[in-house]
Every structure is written in C-alpha cells, then in structure tokens.
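An overview of the molecular structure
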Amino acid sequence: MGRCSMLRRIMRPESPHSASSSFRWMSGLRLVAAWLLISMFWSIPARAAADREKLMPAYVQALLLDMKGDYWGAIDGLGKVMAALPDEPAVRFSISQSYRRLGVPDSAKVYAESALKLDPANPHYLRYLAGLSHELRDYERAAELYGRAAGLEPGRTGLLYLQGLELMSANQPEKAMAVFEKAVTIDPYNEKALTQILQLQVSLKRYPEAVETCKKILEIESGNLKLRMMLGELYAKNGQTELAHATLKGLVESEPAYVPGWTALFDFYIGANRTADFQRELRVFLDSGTVPAEKIDALARLFIARSGKNRQYEGAARELIGALMARRPRDGALFVLKGVFELIHGREREARLNFSKAVDLDSGNAEAWEYLITTHSSMKERQTAYGLIRKARKALPGESLRWKLLEGSLLLQTGSPKKAVEVLEQAVGAGKENSDTPLLVRAHITLALACDALGMKDRSRQAYEMVLRLDPHNTLAMNNLAYMLAEEGIRLNQALFLATNAVMLEPDNGVYLDTLGWVNFKLGQYERARILLERAVGIGVDEAEVYRHLGEVYRKLGNEPKAREMLEKARALEVKSDK
C-alpha cells in the first residue's frame with residue numbers, strides 16, 4: 001500500500017475503537033503537526049516499504065499519546081520505533097519534542113542533536129534546536145544554528161535577526177552587529193534590525209554611526225518622539241552641540257507635553273553648564289500648563305536622586321524645588337521633596353524641619369510622617385520617634401502595616417531584636433492582604449535582618465524568600481540570602497544563581513560583588529573569586545570583611561604575601577571601627 005493510501009486509512013474514523021478515532025479531539029493545528037511528523041517519518045528512503053508499513057501504526061500511536069499529554073508513554077513507544085529504525089531522524093525529533101514538553105530540555109537537546117546529525121540540512125530541525133539551545137542558555141550554539149538555517153533560506157531576514165539576538169545574549173556585540181547589518185543589506189528598511197544596530201552602536205560608543213542609524217530609523221518612523229529625543233542626545237554625545245540643542249528644543253516646542261523631551265533638554269543644559277538657559281526653559285516648562293503636577297513632581301524626584309550622585313544636578317534640583325514651592329506654597333508634598341533633598345546632602349536638621357512642615361500642612365500624608373519619624377530616629381532622637389509613631393497611628397489608622405514596620409525598625413536599631421521580631425511578625429501577618437507590596441517587602445526584609453541578629457537563620461531565609469516571591473528583582477534580598485547560604489555552606493548553586501543575578505542588576509555594587517566572590521570561593525572557584533573581590537575593592541569598597549575574603553582567596557591561590565597584606569588591612573579596619 002502506498003504512502004497516501006496508508007495515511008488515509010489511518011486517519012479515516014472507520015470504527016470507534018480504531019486508532020484513527022483518537023484524532024477527533026485534536027484541533028486543526030494538531031492535525032497539521034501530526035501530518036508533518038508522519039511525512040518526515042516517510043521522507044528518508046532508507047528502509048523498505050514493508051518495514052515502514054509495519055512500523056507506521058506504532059509511530060502514529062506514539063504521536064497520539066504525545067498529543068494527549070502522555071509524554072512518557074510517547075517516549076516509550078517512539079523508543080521502540082527508533083530501535084527498529086535507528087537512522088530515522090523524524091523519530092528522534094519526535095522523542096525530543098516529548099522530552100521538551102515534559103520539561104526535560106537536556107534530554108530533548110540530545111535527541112534533537114542526533115536528529116540534526118542524521119539530517120543536517122533540515123531547516124525545521126535547525127530552527128527547533130536553536131530555540132531549544134536558547135532555553136538552555138547555550139546562546140553560541142543557538143546563534144550557529146540560526147546562522148545555518150539562514151544560509152539555507154537566504155531571503156529570511158528574520159532568521160538573521162534571531163541569530164543576532166543570540167550573539168548579543170552570548171556577549172558578542174561585534175558579531176551581532178555584523179549579522180544585523182547583513183539583514184539590513186537584504187532589507188534596508190528592516191526596522192527591527194536597525195533598532196538592534198542602534199542599540200549596539202550606542203553601547204559600543206560609536207556615536208557617529210549611531211547618529212546615522214537613528215536618522216535612518218526616523219525616515220521610517222518620523223513621528224517617534226523617543227527616537228527624536230535620542231537623536232538629540234546622540235548629537236550631544238558626538239560633540240555636535242548646536243544640532244543637539246536644535247533637535248531637543250524643536251522637540252519640546254512641537255510636543256510641549258512630552259516630559260522626557262524636556263528632561264533631555266534640561267540634561268543637555270546641565271551637562272554643558274548653561275545655567276541661564278536651564279533657568280529660562282524651566283520657567284517655560286512650568287508655566288506652559290501642559291504637564292500635570294504629578295509628572296513635574298516626578299521630574300523633581302529624578303533630579304533630587306541624581307543630585308546625590310552628580311554635583312551638577314544639585315543646583316538644578318534646588319532651582320526646580322524652589323520654583324515649585326513658589327507656585328504651590330501650601331503643598332505638603334513639596335516640603336517632603338525638599339526634605340528628601342536636604343537629607344541626601346547630609347543636612348538632617350533642615351530635612352526634619354521640612355518634614356515637620358509637611359505633616360503640619362497635611363496630616364494625612366503618610367510619606368511625610370514616615371520621613372519625619374525615620375529622620376528623628378537617625379538623629380538618635382528615639383523617644384521622639386516613638387511618640388510620632390503613636391501620633392501617626394491616630395492620624396492614619398489605616399496605615400497599620402507602615403507604623404508596625406517603623407516600630408520594628410526602631411526596636412532593631414535600639415538593640416531589641418527580639419521585640420522587633422514580635423512586632424514585625426505581627427506586621428507581615430496582618431499585611432498578607434495588603435496591596436502595598438513595597439511596604440510588605442520592606443517589612444519582610446527588616447524581619448529577616450532581625451531574625452538574623454537573633455541567630456534565627458531558617459526564619460531569616462524564609463523572610464528573604466518571601467521578599468523574592470513578592471519582588472523577584474529585589475537585589476538586596478538576592479544578595480543577603482546568597483550570603484547567608486554561602487556562610488552556612490548550603491544550597492551553594494542557588495546562592496550562585498542569586499548572587500549572579502544581583503550583580504547583573506547592579507554591576508557596580510561592591511557589596512554584591514563581594515558576595516558573588518565569596519560564593520565562588522565556597523564553590524572552589526578561587527580564580528573567579530579573586531577577580532570579583534579585587535573588583536569590589538577596586539570600585540571603592542573599604543570594608544574589613546571584603547579584605548578578609550580576599551585574603552582567604554589569595555591564601556588558597558598560594559599567594560601568602562598578598563594574603564597577609566589583605567588580612568592586616570581587615571584587622572586595621574576592625575580596630576578602627578571598634579574605637
């Protein structure tokens with residue numbers, strides 16, 4: 001019987017008990033998938049027709065088990081077919097798919113690789129294995145496979161785009177750039193590829209090329225405000241100041257409600273020390289009436305935060321806050337902003353006065369109460385802080401989680417971790433239904449610290465794990481949990497994962513680098529640990545613990561003089577901190 005008649009016989013529902021009746025529950029897409037797999041099975045003419053005829057029902061039955069979700073049954077059935085037809089790539093490919101659906105990607109990759117080895121020019125196998133390699137974070141292999149697939153289908157720029165993305169994931173920007181440029185050669189207005197080229201050019205600081213790429217994308221998307229702003233910023237980075245100014249000024253004149261455009265223009269003036277221009281355009285911005293107050297306040301917060309890291313923004317932040325307070329003299333929220341600004345620059349008394357004024361103007365401002373309480377606490381005025389918590393509870397009884405968190409924090413600071421744990425346990429218990437996730441996160445972190453101070457390691461770990469369930473990107477919880485695990489010498493692979501993610505999110509945080517280095521030390525990766533710990537010291541972390549860790553690493557690497565030097569530095573810092 002020929003191939004087509006065989007398929008018709010299998011798929012025709014001749015009786016309720018026949019194999020073909022199982023197809024009734026499948027969607028059209030599943031039928032197509034089954035047809036393709038069966039076609040693949042027949043595509044290699046290596047076996048006699050009689051062998052195929054004999055094995056076809058078993059193969060189809062295995063595919064049906066896979067479609068019904070019985071993946072282990074499918075693998076067992078397909079394994080028997082593979083034993084009889086070891087050179088059939090379609091069977092191995094089917095086994096790979098079943099393993100993938102089971103969530104066993106390593107086994108899926110083994111069978112996909114063997115299918116591709118048997119049929120190396122199959123574009124479907126290439127694309128499938130590339131996607132599987134990506135899931136396993138083998139980005140270089142995925143890039144190679146997408147490249148091979150693109151070679152078989154030269155008109156498909158989408159495959160080149162995927163190859164470029166994999167090369168970016170593999171941290172090979174130059175190779176990625178070449179692939180995206182190849183895609184643009186085929187399709188000069190491939191916006192996705194051009195966007196990736198622009199991103200790479202900016203990251204590699206190739207500003208002249210980035211300017212030209214940005215202009216080309218703007219030919220496609222002339223109304224894209226973000227791109228227009230980016231072009232102005234790129235002109236500035238490329239030293240083309242007049243073009244930068246004209247581009248950004250033109251943007252805000254045509255789109256006065258576009259706050260990011262104003263922010264970019266202000267950044268340009270601040271970076272160029274053009275104070276008079278900044279002041280003039282700030283007045284235009286504030287008087288335009290096109291921007292809501294909350295967005296203006298958000299800009300003020302941004303400048304305040306930047307002023308703590310970049311002195312150039314200190315004057316700009318002060319100017320903006322002053323202008324806002326002149327326009328809204330009875331707005332308590334602005335006094336909170338002014339207080340935060342003073343606090344960032346170490347002026348606690350001035351900050352306290354502003355927070356107090358904010359509470360006087362608006363006793364319903366929970367943020368103002370919290371800043372006022374924490375400022376008194378940091379100034380060692382603990383009794384005043386406790387008194388303010390009592391007042392805040394009366395003024396805002398619906399903020400019980402916030403006040404318990406502050407009380408627990410104060411108890412921890414005053415050397416009463418046991419009482420702190422009691423209060424914080426009440427806080428997180430009562431806060432389970434609270435929609436204020438940031439507050440709940442802070443409560444669990446404070447609880448973790450208090451439990452750690454009492455030696456309650458298990459409860460501390462649980463609290464950090466809860467933080468990561470609430471906020472999966474919380475780097476503090478990642479770092480602290482990773483360090484705890486490393487110190488206890490348990491779950492070190494999890495510690496490595498957590499510490500690595502924390503450093504990826506905050507690569508210049510020396511404390512996080514120290515944790516990652518120490519985890520690597522615990523795993524016996526001494527050279528890697530040395531690099532990370534030296535980097536932590538190199539970016540300015542001057543803590544005894546870091547030097548002690550580095551000393552231990554040098555000792556393991558056999559560099560005793562450097563080990564002694566680091567340990568002496570650690571002891572000196574410890575003596576200094578005890579005084």
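Keep in mind it's a predicted model, so treat the numbers as computed, not measured. (Residues numbered from 1 in each chain as written. Predicted model: local features only at pLDDT ≥ 70, side-chain atom pairs only at ≥ 80, totals over all residues. Heavy atoms only, no water.)

1. Topic: the packing of aromatic side chains
- Inspection of the entire model under this criterion finds 14 aromatic pairs.
- Residues W262 and F285 carry aromatic rings whose centres are separated by 5.2 Å and whose planes lie at 50° to one another, so their mutual orientation is tilted. With W262 in helix α15 (residues 259-271) and F285 in helix α16 (residues 275-287), this pair connects stretches of sequence that are 23 residues apart. An identical accessibility class is assigned to W262 and F285; each is buried.
- Aromatic side chains F303 and Y313 sit 5.4 Å apart centroid to centroid with 65° between the ring planes, which places their arrangement in the edge-to-face category. Here the residue F303 occupies a position in helix α17 (residues 293-307), and Y313 occupies one in helix α18 (residues 312-327), the gap between them amounting to 10 residues. The same class applies to F303 and to Y313, which are both buried.
- Joined through ring pairs, the aromatic side chains of W262, F266, F278 and F285 make up one cluster.
- Over the ring of Y161 we find K192, and its NZ or CZ is 4.6 Å from the ring centre.
- Over the aromatic face of Y189 sits the side chain of K216, whose NZ or CZ is 5.7 Å from the ring centroid. (Phe/Tyr/Trp six-rings, centres within 6.5 Å; stacked < 30°, edge-to-face > 60°. Helix = DSSP H or I, 4+ residues; strand = E, 2+ residues; numbered from the N terminus. Buried < 20%, exposed > 50% of the residue type's maximum accessible area, 1.4 Å probe, protein only. Lys NZ or Arg CZ within 6 Å of the ring centre and 35° of its normal.)

2. Section: the pattern of salt bridges
- Scanning all chains against the criterion turns up 45 salt bridges.
- Where D267 meets R306, a salt bridge forms, and the shortest distance between an N and an O atom there is 2.7 Å. In this pair, D267 sits in helix α15 while R306 sits in helix α17, placing the two residues 39 residues apart along the sequence.
- The partly exposed category is assigned to R306, whose relative accessible area is 27%. (Salt bridge = Lys/Arg side-chain N within 4 Å of Asp/Glu carboxyl O.)

3. A word on the confidence of the model for the protein chain
- Of the residues in the protein chain, 91% have a pLDDT of 70 or more, and the chain-wide mean is 90.
- The secondary structure element of the protein chain with the lowest average pLDDT is helix α1 (residues 3-11), at 30, and the one with the highest is helix α20 (residues 348-361), at 98.
- Contacts of residues 1-32 to residues separated by more than four positions or lying in other chains number 41 contacts, the stretch itself having pLDDT below 50. (pLDDT = per-residue confidence, 0-100. Contact = heavy atoms within 4.5 Å.)

4. A short note on the nonpolar core
- Membership of the largest hydrophobic core comes to 128 residues, with the highest contact counts inside it found for F285, F303, I373 and W403.
- Apart from the residues within four sequence positions on either side, F285 is in contact with W262, F266, V291, I296 and L299.
- Core analysis: the second largest hydrophobic core is formed by 41 residues, A463, Y483, W518 and Y554 among them. (Core = buried A, V, L, I, M, F, W, Y, C linked by side-chain atoms within 4.5 Å.)

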